[in-house]
Amino acid sequence: MFPAERPRRLRATPALRRLVAETSLEPRHLVLPMFVADGIGEPREISSMPGVFQHTLDSLTRAAAEAVEAGVGGLMLFGVPRTEDKDANGSGATDPDGILNRALRVLRAELGDSTVIMADTCLDEFTDHGHCGVLAADGRVDNDATLTRYVDMAVAQAESGAHLLGPSGMMDGQIAAIREGLDDAGHQQTGILAYSAKYASAFYGPFREAVGSSLSGDRRTYQQDAANRRESLREVDLDLDEGADMVMVKPAMSYLDVLREVADMSTVPVAAYQISGEYSMITAAAQNGWIDRDAAVLESLLGIRRAGADIVLTYWAAEFAARL
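The rules behind these values
- Residues numbered from 1 in each chain as written.
- Predicted model: local features only at pLDDT ≥ 70, side-chain atom pairs only at ≥ 80, totals over all residues.
- Heavy atoms only, no water.
- Helix = DSSP H or I, 4+ residues; strand = E, 2+ residues; numbered from the N terminus.
- Expected span 1.5 Å × (residues − 1).
- Buried < 20%, exposed > 50% of the residue type's maximum accessible area, 1.4 Å probe, protein only.
- Contact = heavy atoms within 4.5 Å.
- Salt bridge = Lys/Arg side-chain N within 4 Å of Asp/Glu carboxyl O.
- Core = buried A, V, L, I, M, F, W, Y, C linked by side-chain atoms within 4.5 Å.
- Polar contact = N/O pair within 3.5 Å; in protein donor to acceptor, adjacent residues only side chain to side chain.
- Disulfide = S-S within 2.5 Å.
- Axes fitted to C-alpha atoms, helices over the stretch in contact; angles between N-to-C directions.
- Left-handed = near helix turned anticlockwise from the far one by under 90°.
- Nonpolar A, V, L, I, M, F, W, Y, C, P; charged D, E, K, R; others polar.
- Pairing = 2+ DSSP bridges.
- Right-handed = clockwise from strand over helix to strand, strands pointing away.
- Phe/Tyr/Trp six-rings, centres within 6.5 Å; stacked < 30°, edge-to-face > 60°.

Visitor: I'd love a proper account of helix H9 (residues 276-287), names of residues and values included.
Guide: For H9, built from twelve residues, the straight-helix expectation of 16 Å at 1.5 Å per residue is met to within 8% by its first-to-last C-alpha distance of 16 Å. Within H9, nine of the twelve residues are buried, which leaves the element mostly enclosed by the surrounding structure. Looking only at H9, the buried set comprises Ser276, Gly277, Glu278, Tyr279, Ser280, Ile282, Thr283, Ala285 and Ala286. On its buried face, H9 sits against helix H6 (205-210), strand S9 (270-273) and helix H10 (293-306).

Structure follows, in structure tokens:
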């Protein structure tokens, strides 16, 4: 007896495999996260993320232009202030001359509408305690006081030229507050990419070096518990009701099941963030000769797309957009 069904026929040649591929990966699907630091004279490599840099304004502009030339779908910008400029309220986040707002103006002036310029709308880089919001007297993150700061930050970023804002702090009601604040300030066209399902993850470690985080402790009172799945769908529903233009699952690697469910129920585009720890693990394994770097990167990106992401934030965006 021989098999009547032979699925291998469609795997026989690269051309056949390409013809019947169910998932595509194109440059437009990829968004490049970028770090811009105040007070440095030249780009500074992040030791836990080889190949990723804290940029000066000049090097940021050059790297952004190269990424856009490669065809990336967008750029997500994170600001790294000087330690002495941090305070309890994250004042540098709303200062027009703060590093992130200056960088947004530079990129918008240089790139215009040739790409989608996104801004991280969160206070953690700018607070001296490292939390994503302002603290109450008892040390807890004050949700509603933080919303006021988010609105001010969102308006400052919109005025600096961001096309999309990325509220990543996981405060209750943040999307509604930011949407109302943007509209009241005349920024009806500025979109919101909501970090709707953001988990408290062990894989954020290298990112904390990248942004010079001052955090002591953890963010488990506002970021989601890794044990929970339904909670993510509730968060997505709330953000959609509040006016999110896109939603995100973060991290990607350990939460592909959540990503699939969010993609199945979302009425707006879905993003997933391949975070710093994912980047560093693949990079370190490849440097040790344990895996084929390029094949592993491509497989990981395809996996995130296959799970349902319309948009993938990845530190490999520019490199692989050029290859694709």
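Okay, back to it.
Visitor: Summarise the pattern of salt bridges; cite the residues concerned and give the values.
Guide: All told, the structure shown has 17 salt bridges when counted by the stated rule. Where arginine 108 meets aspartate 113, a salt bridge forms, and the shortest distance between an N and an O atom there is 2.9 Å. In this structure aspartate 113 comes out as exposed when scored by relative accessible area, which is 63%. In the salt-bridge network here, residues are joined through shared partners; they are Arg293, Asp294, Glu319 and Arg323.

Visitor: Mind laying out the nonpolar core, listing which residues take part and the relevant values?
Guide: Residues Phe35, Leu75, Leu77 and Tyr273 are the most contacted members of the largest nonpolar core, which totals 99 residues. For this core, the leading source of residues is strand S1 (residues 30-37), giving seven residues. Residues within four places of leucine 77 in sequence aside, it is in contact with Met34, Val36, Leu60, Leu100, Ala103, Leu104, Leu107, Met118, Ala119 and Asp120.

Visitor: Before we move on, could you go through H10 and cite the residues and values that matter?
Guide: Structurally, the α-helix is built with 3.6 residues per turn, so residues lying three or four positions apart point the same way. The end-to-end C-alpha distance of H10 is 20 Å, a good match for the 20 Å that 14 residues give at a rise of 1.5 Å each. For H10, every residue scored as buried is listed here: Ala296, Val297, Leu301, Gly303, Ile304 and Arg305. Looking at the buried residues of H10, the elements they touch are helix H8 (256-265), S9, H9, strand S10 (311-313) and helix H11 (317-323). The N-cap of H10, judged by a side-chain oxygen 3.2 Å from the amide nitrogen of aspartate 294 a few residues on, is aspartate 292.

Visitor: Requested: an account of the state of the cysteines, with residues and values cited.
Guide: Under the counting rule described, the total for this entry stands at zero disulfides. Here cysteine 122 stays free of any disulfide, with the sulfur of cysteine 132 as its closest cysteine sulfur at 3.5 Å. The class for cysteine 122 is buried, based on a relative accessible area of 0%.

Visitor: Would you mind going over the packing of helix H7 (residues 230-242) against H8 in detail, with residue names and values included?
Guide: Running from N to C, H7 and H8 point in directions that differ by 35°, and their axes come no closer than 10 Å. When you trace H7 past H8, the crossing you get is right-handed. Counting all contacts with H7, which are made through Ser232, Leu233, Val236 and Asp237, the residues of H8 involved are Val258, Glu261, Val262 and Met265. Partitioning the contact of H7 with H8 into residue classes produces five nonpolar, one polar and two charged.

Visitor: Describe the pairing of strand S5 (residues 116-121), with residues and values.
Guide: Counted residue by residue, S5 has five buried out of six residues, so it is predominantly covered. Two elements, strand S4 (residues 74-80) and S5, share four bridges in a ladder whose sense is parallel. Bridge assignment links glycine 74 to a residue of S5, and that residue is valine 116. Once you follow S4 into helix H3 (residues 99-111) and on to S5, the crossover reads as right-handed. With four bridges connecting them, S5 and strand S6 (residues 164-167) associate as parallel partners. Bridge pairing links threonine 121 to proline 167 in S6. After leaving S5, the chain enters helix H4 (residues 143-160) and then returns to the sheet as S6, a path that is right-handed.

Visitor: So, the packing of aromatic side chains: which residues are in play, and what are the values?
Guide: By the definition in use, this model includes eight aromatic pairs. Centre to centre, the rings of tyrosine 199 and tyrosine 255 are 4.1 Å apart; their planes meet at 15°, and the pair counts as stacked. Residue tyrosine 199 is found in the loop between strand S7 (191-198) and H6, and its partner tyrosine 255 is found in the loop between strand S8 (246-250) and H8; the two are separated by 56 residues along the sequence. For tyrosine 199, a relative accessible area of 0% translates into the label buried. By relative accessible area, which is 7% here, tyrosine 255 ends up buried. Each ring, one from tyrosine 273 and one from tyrosine 315, has its centre 6.1 Å from the other, and the planes form 50°; the classification is tilted.

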